[in-house]
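Now for the letters of each chain:
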Amino acid sequence: MDHLVTARSMFGLNMGVHIIFATLGVGIPLMILLAEILYYKTKDKDYELMAQRWTKGAAVLLGVAIPTGTIAGVQLALLWPGFMEIVGKVMALPFQIEIYAFFIEALFLSIYVYAADRISRKMRIISLILVAIGALASAVLITNVHAFEGTPAGFRILNGDIVSVDPWAAFFNPSFFVTSGHVAVSAYTTGGFVIASVAAFKMLRARKHNPREYKFHHKALMMGLVIGGIFSFVTALNGHESMQKVYEYQPEKLAAAEGLFETQDHAPLALGGFTDEKEQRVKYGIEFPWMLSFLSGNSFNTVITGLNDFPRDYWPPLFVHTLFNGMVIIGSILILVALVGVVWYKFLKKKSFPKIFMWAFVATGPLAIMGIEFGWIFACTGRQPWVIYRIMRTSEAVTTSANLHILFFYFCLFISYSWPQSPLYWCFILEEIRFLKSLLRKQIKKDVRIWVIHY
Amino acid sequence: MGDSLLAITVIWGFIFIYAVMGTMDFGAGFWSMVYINRTKTNATDVANRYLSPTWEVTNVFIVAIVVALFSFFPRATFTLGTVLLIPGSIILLLLSIRSGFLVFSHYASSFKYRRALVYISGISGVLIPAFLIAVLPVSQGGFIDIIDGTQQLNLAKVFSSPHVYSFIGFAISSSLFLSSLLLADYSKSSDEMEAYAVYRRDALITGPLSLLMAIFIMITMQSEASWLYDKMMQFKPLLYGSVGLFVVAGIALLLPSQKGKGMPRLAVVSIILQYFLASYVYGRSHLPYVVYPNVTIENGFTHPDAFHSLFIVYIVGFAILFPGFFYFWRLFMKDNKEYSKKKPY
Ligand code: HDD
Ligand code: HEM
Ligand code: HEM
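Residue indices begin from 1 for each chain and proceed along its sequence in written order. Each chain is given a letter, starting from A, and each ligand a number, starting from 1, according to the order in which they appear as written. The model is predicted, so local features are restricted to residues of pLDDT at least 70 and side-chain atom pairs to those at 80 or more, both for listing and for counting; the totals for chains, interfaces and linings are taken over all residues. In computing side-chain properties, one takes all heavy atoms of the structure into account and sets aside hydrogens as well as water.

- Naming follows an unreviewed UniProt entry, where chain B appears as Cytochrome oxidase subunit II family protein of Priestia megaterium.
- UniProt positions are given in the numbering used here, feature names are shortened, and annotations may be inferred rather than shown by experiment. Among the UniProt annotations of chain B, the heading Sequence similarities (unreviewed entry) holds the following wording: "Belongs to the cytochrome ubiquinol oxidase subunit 2 family."
- Among the UniProt annotations of chain B, the heading Subcellular location (unreviewed entry) holds the following wording: "Cell membrane".

- An unreviewed UniProt entry lists chain A under the name Bacterial Cytochrome Ubiquinol Oxidase family protein, from Priestia megaterium.
- Per UniProt, chain A has the following entry under Subcellular location (unreviewed entry): "Cell membrane".

As structure tokens, then:
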């Protein structure tokens, strides 16, 4: 493999794993917090139990988020020293502040988990709020570095030197709010739907023999659907805004996302299909006339620059069209499923869901995670060939360290990186699910016993 | 103090905190492996009880070091990053294996391979300090070749250097020493007297071993990094003071006290002071070089404007965090047996 591709694969692979656990590390604490608050308000023991179970899950997820994140951080410095030199000089603030976010999250999560029984109920809620804030802040801040890569600000390059550095201008770069907002709300979307997904699955299993457990999971399902539904709607609105930012600041990314070759107004939105470079169009897709112009600039007259008006070597890979579509379609499905579920239960007052609904709920969690993966790979790959848009190419940022004989080493490392992260962790997670299940069974038996004694 | 001196002091502070917390943490993993079969003495139990809540916070410090390094000294990161790609990756791999396993061995109590997990976390806990410390001799110069205009780490030279091995020996013995000392204190304060006896004995064995390794380092340094050796010798009084504190710790462990032999709290404090003095001397003599002789704190320094905003953020951040750390410390460092016996969720 070519040097640059190896470095990218190592980084992309690690990020692809990190992002799953990191996103859940932002989304699940919110759900735990809500469960604790609901318990506080309603005194319904089920919510307390929910908070306990989710906490255990969250702690294990974090056990993967932290090592992969540590790898990500160090990899950035090791694999992309050219990039990190600019970041170090201009964009170090978010990393710096993020450290405090990590500290807050780590401190209070440890307190919430290991000292749960020696702190007061109020202190538990406060700890959880701090955990949620820490997680959100770390996501927002690291995303800011990503936003900076797309819309760099706060410095100039003069004869190869970095001059007029303004760290706060870099921090508040043009896409900071929109991009960070998108990542934050999509993380809450994912948290909600993953909870809903697990709950729906358990309901399917518990349906006949255990009405008590069924009711418990039903509450969790509704919580997940409501939160996921609200946030997926916000995600779509904010995604629309992200798209306008991309139109404004990275036009070739937008053109590649839509497979648009010719510059035009009244440009169509292409859904599905594959971009064919030879025929200069999207094949097998559905076209919505004029929509792209409207969505990008709020007017059908908006002129969208096509790929042909950019130098060929500025083009991102054309498959990003599929990634972008994947994300948008998933977003629409999620909104729909949540809406149908909530209307069915709350407004039509039906007691139970048909099987097909249940399986749709089960699908939402994995779908949301796929949305996250699609979105990130689209955002990172769509920025190619730049690591900092129009300022530094990825090929200029990569480490000079490896020559051929080290490349072999690289490859081994690459294999070994993927080794602990994927198969092993998945084994653990399966094992963990089994364990949780037995725990759950025990816990429920206990609950039932307590119930029987009470009534 | 100049800006760059201030910056390197902050980094040195992080490294010191991580060195102490990290060695204790890694060592504790090792002890929990060694005593896994001694169910009676609770030694493994004590080690785990200490380890569980702290490793995550400890881990944040290594991230803090990396971040502080590349934001204050981007040029140094360039050199270090390029040069340390392979050792750095090995450390990462070990770290990720260890923390992954650690988490799972704690949470998945029904996990079939629990013992294997404890072994892996214990062994990697000793290997990590060994690799981490290799950064120090590398930064003292002599291991970086310039090939085709790019810097390369000469791995063959690294792994055949006695100086590197004396550092590695020091890292391993210190991490066992510091952790057994801390665990001794921890178990005494939570009335686990059998565990206390075990850890006190371990500290008495590993302590002199660490001192011996430190002396080895000075001997090999004389020939391999004489510039550093000469500068360190200018701080002789401090070095003697450091040895003096070590002796104090030894005496503290041997003295009789009301319950059980020795005063581990005093020993812990004087040992931490000892390491503080010794690493101050080391760091001070290392200046102005970050990586000898290419990168100094002057030529590797970030943009002054960037530094100023970063530094303000540091001060504000730690002011906000301090109560959190204090609360954390109160909850966990003063072990409370009845509470922590209970399983977390
Ligand atoms: C559950 C996940 C999820 C869902 C349902 C959506 N997104 Fe998204 N999207 C993300 C998760 C995500 C993300 C993973 O969080 C990304 C990657 C980079 C980023 O900033 O956020 C992202 C990036 C991203 C970008 C690229 C930003 C850039 O390159 O700087 C655009 C234009 C959109 N999104 C637009 C949308 C639209 C129009 C959606 C309509 C429903 C949508 N997203 C739903
Ligand atoms: C906010 C966080 C992120 C930052 C700061 C970031 C930054 C970077 C950088 C510096 C590179 C290397 C240079 C380049 O190829 O452009 C890169 C590449 C890459 N990243 Fe991201 N990234 C982030 C999040 C993610 C996530 C979450 C994923 C995965 C889902 C991801 C997937 C990739 C992939 C696949 C590449 C290789 C791209 C290619 O070679 O085409 N990134 N990113
Ligand atoms: C948008 C993408 C990302 C999100 C949402 C995210 C979020 C998170 C979260 C929630 C954690 C757990 C924090 C904790 O409890 O301590 C974490 C850990 C971490 N992440 Fe990410 N992250 C993202 C991308 C990145 C990137 C690109 C890097 C590389 C610089 C990175 C570096 C880290 C590090 C170093 C840790 C470990 C921190 C620790 O030791 O506690 N993350 N991340």
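**So, the overall build of chain A**
Move 1: Tallying secondary structure elements over chain A gives 14 helices and 8 strands in all.
Move 2: Here chain A holds 455 residues, and the buried ones make up 59% of them.
Move 3: About 19,400 Å² of surface is accessible on chain A, with carbon and sulfur atoms providing 69% of the total. By definition, any uninterrupted DSSP run of H or I lasting at least four residues is a helix, any uninterrupted run of E lasting at least two residues is a strand, and each is numbered from the N terminus. Using a 1.4 Å probe on the protein chains alone, a residue whose accessible area is under 20% of its type maximum counts as buried, one over 50% counts as exposed, and one in between counts as partly exposed. Note on areas: Shrake-Rupley, 1.4 Å probe, and residue coverage restricted to the protein chains presented here.

**A look at the site of ligand 1**
All names here are of chain A.
Move 1: Throughout, near means a residue has at least one heavy atom within 4 Å of the molecule or strand. With respect to spatial proximity, 25 residues lie near ligand 1, and among them Thr179, His182, Lys253, Met327 and Gly375 are the closest.
Move 2: Counting of polar contacts relies on pairs of N or O atoms within 3.5 Å, with two restrictions inside protein: one atom must be capable of donating a hydrogen and the other of accepting it, and residues adjacent in sequence are counted only when both atoms are side-chain atoms. The contact in question runs from a nitrogen atom of ligand 1 to an N or O atom on the side chain of His182, over 2.8 Å.
Move 3: In this structure, Ser186 approaches ligand 1 through a side-chain N or O atom, which is 3.2 Å from an oxygen atom.
Move 4: Those elements that place two or more of their residues in the shell around ligand 1 are α7 (176-206), α8 (211-249), α11 (320-347) and α12 (355-381).
Move 5: Under the grouping applied here, Gly and all other residues not named as nonpolar or charged are polar, the nonpolar ones being Ala, Val, Leu, Ile, Met, Phe, Trp, Tyr, Cys and Pro and the charged ones Asp, Glu, Lys and Arg. The residue inventory of the shell around ligand 1, partitioned by class, reads 12 nonpolar, 12 polar and 1 charged.

**Points about the coordination of the iron atom of ligand 1**
A four-donor tetrahedral metal ideally has 109.5 degree angles, and a six-donor octahedral metal ideally has angles of 90 or 180 degrees.
Residue and element names in this part refer to chain A.
Move 1: Distances up to 2.8 Å from the metal define which N, O and S atoms are donors, and 3.2 Å serves for Na, K and Ca; water is absent from the atom set, so sites may look incomplete. Around the iron atom of ligand 1, the donor atoms from the protein are His182 (NE2) and Met327 (SD), and they sit 2.1 to 2.4 Å away.
Move 2: If you look at the iron atom of ligand 1, its 6 donor atoms make angles of 77 to 180° with each other, and the shape they trace is octahedral. Of the two residues, His182 is situated in helix α7 and Met327 in helix α11; the sequence distance between them amounts to 145 residues.
Move 3: Here His182 falls in the buried class, since its relative accessible area comes to 19%. Key to geometry: four donors with every angle between 85 and 135 degrees are tetrahedral; four donors are square planar and six octahedral where opposite donors lie over 155 degrees apart and all remaining angles lie between 65 and 115; all other sites are irregular.

**Observations regarding the pairing of strand β2 (residues 150-153) of chain B**
All names here are of chain B.
Move 1: Side-chain alternation along β2 places Thr150 and Gln152 on one buried face and Gln151 and Leu153 on a second face that is also buried.
Move 2: In terms of strand pairing, strand β1 (residues 144-147) meets β2 through 4 bridges, oriented antiparallel. When the sheet's bridge partners are listed, Ile146 is paired in β2 with Gln151. Two strands pair if DSSP finds at least two bridges between them.

**Some details on the nonpolar core**
Grouped burial of nonpolar side chains is what soluble globular proteins tend to show.
Move 1: Counting residues in hydrophobic clusters, the biggest one holds 194 residues, and the most contacted among them are A:Trp54, A:Trp80, A:Phe83 and B:Phe72.
Move 2: When residues of this core are assigned to their parent elements, the largest contribution, 17 residues, is made by helix α1 (residues 3-42) of chain A.
Move 3: It only takes one pair of heavy atoms within 4.5 Å for two residues to be counted as in contact. Beyond its immediate sequence surroundings of up to four residues, B:Phe72 is in contact with B:Ala7, B:Val10, B:Ile11, B:Gly300, B:Phe301, B:Thr302, B:Phe307, B:Leu310 and B:Tyr314.
Move 4: Side-chain atoms within 4.5 Å are what join buried Ala, Val, Leu, Ile, Met, Phe, Trp, Tyr and Cys residues into a set we call a nonpolar core. Of all hydrophobic cores here, the second largest spans 20 residues; its members include A:Ala257, A:Leu269, A:Leu307 and A:Trp315.

**Points about the coordination of the iron atom of ligand 3**
Move 1: Counting protein donors around the iron atom of ligand 3 gives one, A:His18 (NE2), at 2.1 Å.
Move 2: For A:His18, the position within the fold is in helix α1.

**Focus on the packing of helix α8 (residues 162-189) of chain B against helix α12 (residues 264-286) of chain B**
Residues and elements named next belong to chain B.
Move 1: Here an axis means a line fitted to C-alpha atoms, over the contact stretch when the element is a helix, while the angle between two N-to-C directions is reported on a 0 to 180 degree scale. It is the contact of α8 with α12, at a shortest axis distance of 9 Å, that shows an interaxial angle of 150°. By the criterion of interaxial angle, the relationship of α8 to α12 is roughly antiparallel. Between α8 and α12 the crossing geometry is left-handed. Residues Phe167, Phe170, Ser174, Phe177, Leu178, Leu181, Leu182, Ala184, Asp185, Lys188 and Ser189 of α8 touch α12, and the partners they reach there are Pro264, Arg265, Ala267, Val268, Ile271, Tyr275 and Tyr282.
Move 2: Among the residues forming the contact of α8 with α12, the class breakdown is 13 nonpolar, 2 polar and 3 charged. In this scheme, roughly parallel covers angles under 35 degrees and roughly antiparallel covers those over 145, while 65 to 115 is roughly perpendicular and the rest are oblique. By the definition used in this description, the sense in which the near helix is turned from the far one sets the handedness, with an anticlockwise turn below a right angle giving left-handed and a clockwise turn giving right-handed.

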